[in-house]
Amino acid sequence: QKEVEQNSGPLSVPEGAIASLNCTYSDRGSQSFFWYRQYSGKSPELIMSIYSNGDKEDGRFTAQLNKASQYVSLLIRDSQPSDSATYLCAVPGYSSASKIIFGSGTRLSIRP
Amino acid sequence: GAVVSQHPSRVICKSGTSVKIECRSLDFQATTMFWYRQFPKQSLMLMATSNEGSKATYEQGVEKDKFLINHASLTLSTLTVTSAHPEDSSFYICSAREGFTEATDTQYFGPGTRLTVL
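Notes on the structure in this doc start here. Each chain carries its own residue numbering, running from 1 in the written order of its sequence. Chain letters start at A and ligand numbers start at 1, both assigned in the order the entries are written. The predicted origin of the model limits local features to residues at a pLDDT of at least 70 and limits the giving and counting of side-chain atom pairs to 80 or more, whereas totals for whole chains, interfaces and linings rest on all residues. In computing side-chain properties, one takes all heavy atoms of the structure into account and sets aside hydrogens as well as water.

1. Topic: the overall build of chain A
Turning to step 1, where the next piece is worked out: Helix and strand counts for chain A come out as zero helices and eleven strands.
Turning to step 2, where the next piece is worked out: Helix numbering and strand numbering both begin at the N terminus, where a helix is a DSSP run of H or I of at least 4 residues and a strand a DSSP run of E of at least 2. Reading the helices (α) and strands (β) of chain A from amino to carboxyl end gives β-β-β-β-β-β-β-β-β-β-β.
Turning to step 3, where the next piece is worked out: The C-alpha radius of gyration computed for chain A amounts to 14 Å, which stays within 12% of the reference 13 Å derived for 112 residues, consistent with globular compactness.
Turning to step 4, where the next piece is worked out: The buried share among the 112 residues of chain A stands at 46%.
Turning to step 5, where the next piece is worked out: Two residues form a contact once any of their heavy atoms are found within 4.5 Å. Pairs at least 24 residues apart make up 53% of the contacts formed inside chain A by residues separated by at least 6 positions.
Turning to step 6, where the next piece is worked out: As displayed, chain A offers around 5300 Å² of accessible surface, 46% of which is attributable to carbon and sulfur atoms.
Turning to step 7, where the next piece is worked out: Positive charges come from Lys and Arg alone, negative charges from Asp and Glu alone, with His and the N- and C-terminal ends not counted. All charge positions are set by atom: Lys at NZ, Arg at CZ, Asp at CG, Glu at CD. Treating the 11 positive side-chain charges of chain A as one cloud and the 10 negative ones as another, the clouds have centres 4 Å apart. Atoms counted for the radius of gyration: C-alpha only. Globule rule: 2.2 Å times the number of residues to the power 0.38. Three labels apply to residues, based on accessible area from a 1.4 Å probe with only protein chains included: buried if under 20% of the type maximum, exposed if over 50%, partly exposed otherwise in between. Residue burial considers only the protein chains on display, and all accessible areas are found by Shrake-Rupley using a 1.4 Å probe.

2. Side note on the side chain of glutamine 38 of chain B
Turning to step 1, where the next piece is worked out: With respect to the secondary-structure elements, glutamine 38 of chain B resides in strand E4 (residues 32-38).
Turning to step 2, where the next piece is worked out: Note on glutamine 38 of chain B: relative accessible area 12%, which makes it buried.
Turning to step 3, where the next piece is worked out: A distance of 2.9 Å separates a polar side-chain atom of glutamine 38 of chain B from the backbone oxygen of glutamine 42 of chain B.
Turning to step 4, where the next piece is worked out: Setting aside residues no more than four positions away along its own chain, glutamine 38 of chain B makes contact with Gln38 of chain A together with Ser43, Leu44, Ser90, Phe91 and Ile93 of chain B. The term polar contact refers here to a pair of N or O atoms within 3.5 Å; inside protein, the definition further demands a hydrogen-donor-capable atom paired with an acceptor-capable atom, and it admits residues adjacent in sequence only when both atoms are side-chain atoms.

3. A short note on the sheet that holds strand E8 (residues 76-81) of chain B
Residue and element names in this part refer to chain B.
Turning to step 1, where the next piece is worked out: A sheet is described by the order of its strands in space; here four strands give the open sequence E1-E3-E8-E7, paired in antiparallel fashion. The open sheet is flanked by strand E1 (4-7) and strand E7 (67-73), the only strands paired with a single partner. Looking at each pair of strands side by side, their axes are set apart by 15° on average, direction ignored.
Turning to step 2, where the next piece is worked out: Here the rule is simple: two strands pair whenever DSSP picks up at least two bridges between them. Sheet topology note: the E1/strand E3 (residues 19-25) ladder contains four bridges and is antiparallel. Convention adopted: a line fitted to C-alpha atoms gives each axis, helices being fitted over their contacting stretch, and angles between N-to-C directions are expressed from 0 to 180 degrees.

4. Focus: the environment of threonine 106 of chain A
Residues and elements named next belong to chain A.
Turning to step 1, where the next piece is worked out: In this fold, threonine 106 is placed in strand E11 (residues 106-111).
Turning to step 2, where the next piece is worked out: In sequence terms threonine 106 and glutamate 15 are 91 residues apart; their C-alpha atoms lie 17 Å from each other.
Turning to step 3, where the next piece is worked out: When near neighbours in sequence (up to four residues on either side) are disregarded, threonine 106 contacts Gln6, Asn7, Ser8, Gly9, Leu11, Leu21, Ala85, Thr86 and Tyr87.

5. With respect to the interface of chain A and chain B
Turning to step 1, where the next piece is worked out: On the chain B side, the residues contacting the 21 residues of chain A number 24 residues.
Turning to step 2, where the next piece is worked out: The term buried area refers to how much accessible surface (probe radius 1.4 Å) is lost by two components on association, counted for both of them together. When the two sides are added together, the surface that chain A and chain B hide from each other amounts to roughly 1700 Å², 52% of it contributed by carbon and sulfur.
Turning to step 3, where the next piece is worked out: Basic side-chain nitrogens of Lys or Arg form a salt bridge, by our definition, when they fall within 4 Å of a carboxyl oxygen of Asp or Glu. Scanning the region where chain A abuts chain B turns up zero salt bridges.
Turning to step 4, where the next piece is worked out: Our enumeration of links across chain A and chain B arrives at four residue pairs in polar contact (both at pLDDT 80 or more).
Turning to step 5, where the next piece is worked out: The element that contributes the greatest number of residues to the side of chain A that touches chain B is strand E4 (residues 33-38) of chain A, accounting for three residues.
Turning to step 6, where the next piece is worked out: Any residue outside Ala, Val, Leu, Ile, Met, Phe, Trp, Tyr, Cys, Pro, Asp, Glu, Lys and Arg is labelled polar, Gly included; the first ten of those are nonpolar and the last four are charged. Taken together, the residues of the side of chain A that touches chain B break down into eleven nonpolar, eight polar and two charged.

Interpretation in functional terms is not warranted from these geometric data alone.
Structure follows, in structure tokens:
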């Protein structure tokens, strides 16, 4: 089982709809969770971080965390063509020397 | 958010030459820096993790003598691709992390360096 799993997509969503991106992780002890957005040819950009169970909202983005189910998701409301990108879920380790584990990413396409 | 810079953004070199890429954290001190490589349409691949003042930890399959990493200060890490060959052509991305508490464990990425080896 991969440590961080995401559906590779592509996920196609009509403009204005809600895009739902999902991620599962294997380490029950994980405390921090991140969502990054990566446009083609660019480096990843941090969108959201979430540490506690429940929802965290930031503009059109909502991160949802369920530690019992080891599941974290990202909702994008009112999807825009500019949201078309690959979204990476990331879960860091405990210590300062440990690496952050990235999922393989979900490619999202917003169709006009 | 914190800013990480990378230089150069793009480099083209001849086969057999060495290329140095710099990664700097501009407004925070990075206890840990990471180097990734990404081939077209593929995921990020972690190459190595470096902590200031100590030797880098390389991922399995990454040649430490070919990809030299130096993390001499809390704001600068360098990756040197020695004797580069066309198969080393890729998008190299660094990232930096300030600490490991909830408030500081976020990893920030540099803009990346596109290396083309002819």
